[in-house]
Amino acid sequence: MSYLRKIEYEIVINKSFPVLRGCPQCGRKTNFRNTKKFRVNANGNKLDVWLIYHCEKCKHTLNLSIYERQKVSSIPEKEYKNFLNNNERLAEIYGKNIQLFRKNKADIDIEKVDYNFVKLNEIRESGEAKEQIVLAIHNPYNIKIRPDKQIAEVLGFSRSKVKKLVEQGEIRLEKSSPQFISVIVNNYLLQTEKNE
């Protein structure tokens, strides 16, 4: 009897997204990093809140707008206090919020994103088909990582090896979207790789 293994992974971001932007002081594109500090500015009963990023080279400031001209009463009290106290945990949460970067038209430097794959679960099912593995990789942050790179990192193969195995039909991409990919891998392929 053969079996089917379904293994689910999720991409987890370890640190705030780095921003790639032209720095007016450096005169070229550089990386900006999360300082884990907020800037809060009140104007009457209206409030502006920014997450502060710094250029890695010269510390030039980049402010990412979180709230603009909001009534203080419209911001949850606990969150407001955390802004005022430069709560690092909250700064990390906002530093991984893809919508914040889109809203601010801030380019994330994908090559410098610190992430890894976390195995969520594994299910074995009996079946009549030949033994195979279905890999499901969730990308909740919707970061642009090529499917072949994701597959290579999960399987521990090189990208060129994955491309070759796809061409040979040993790995088959079932579904692909920015948030999710599903791949079928022949089980014997993994057994062979482990024994080499």
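Residues numbered from 1 in each chain as written. Predicted model: local features only at pLDDT ≥ 70, side-chain atom pairs only at ≥ 80, totals over all residues. Heavy atoms only, no water.

Caption draft 1: Looking closely at the sheet that holds strand β3 (residues 28-43). Strands sit in the order β2-β3-β4-β5 across an open sheet of four strands; the sheet is antiparallel. The two strands at the open ends of the sheet, each matched to only one other strand, are β2 (19-23) and β5 (61-71). On average, each strand axis in the sheet is tilted by 40° relative to the strand beside it, whichever way the strands run. By the bridge criterion, eight bridges tie strand β4 (residues 46-55) to β5 in an arrangement that is antiparallel. Bridge pairing links His54 to Thr61 in β5. Each of β3, β4 and β5 touches helix α2 (residues 88-95); the most contacted strand, β3, lies at about 125° to it. (Pairing = 2+ DSSP bridges. Helix = DSSP H or I, 4+ residues; strand = E, 2+ residues; numbered from the N terminus. Axes fitted to C-alpha atoms, helices over the stretch in contact; angles between N-to-C directions. Contact = heavy atoms within 4.5 Å.)

Caption draft 2: Fine view of the state of the cysteines. Summed over the entire model, instances satisfying the criterion amount to zero disulfides. The thiol of Cys58 is unpaired, and the distance to the nearest cysteine sulfur, on Cys23, comes to 3.5 Å. (Disulfide = S-S within 2.5 Å.)

Caption draft 3: Region of the structure containing the nonpolar core. The biggest cluster of nonpolar side chains holds 47 residues, and the ones touching the most others in it are Phe38, Leu51, Ile66, Phe83, Tyr94, Phe101 and Leu135. The dominant element in this core, judged by the number of residues it contributes, is β4, at five residues. Look past the residues within four positions of Phe83 in its chain and what remains in contact with it is Phe38, Val40, Val49, Ile66, Tyr67, Ile75, Leu90 and Tyr94. (Core = buried A, V, L, I, M, F, W, Y, C linked by side-chain atoms within 4.5 Å. Buried < 20%, exposed > 50% of the residue type's maximum accessible area, 1.4 Å probe, protein only.)

Caption draft 4: Expanded view of the pattern of salt bridges. Evaluated as defined, the whole model comprises 10 salt bridges. Residue Lys119 pairs with Glu122 through a salt bridge whose shortest N-O separation is 2.7 Å. Given a relative accessible area of 31%, Glu122 falls into the partly exposed group. Look at the salt bridges and you will find they share partners, linking Arg146, Asp148, Arg159 and Lys163 into a network. (Salt bridge = Lys/Arg side-chain N within 4 Å of Asp/Glu carboxyl O.)

Caption draft 5: Representation of the environment of Leu135 within the structure. Its place among the elements puts Leu135 in strand β7 (residues 132-138). The spatial distance from the C-alpha of Leu135 to the C-alpha of Leu4 is 11 Å, given a sequence separation of 131 residues. If near-sequence neighbours (up to four positions away) are discounted, Leu135 is found in contact with Ile7, Tyr9, Val154, Leu155, Ile181, Ser182, Val183 and Val185.

Function-wise, these values are silent; they only describe arrangement.
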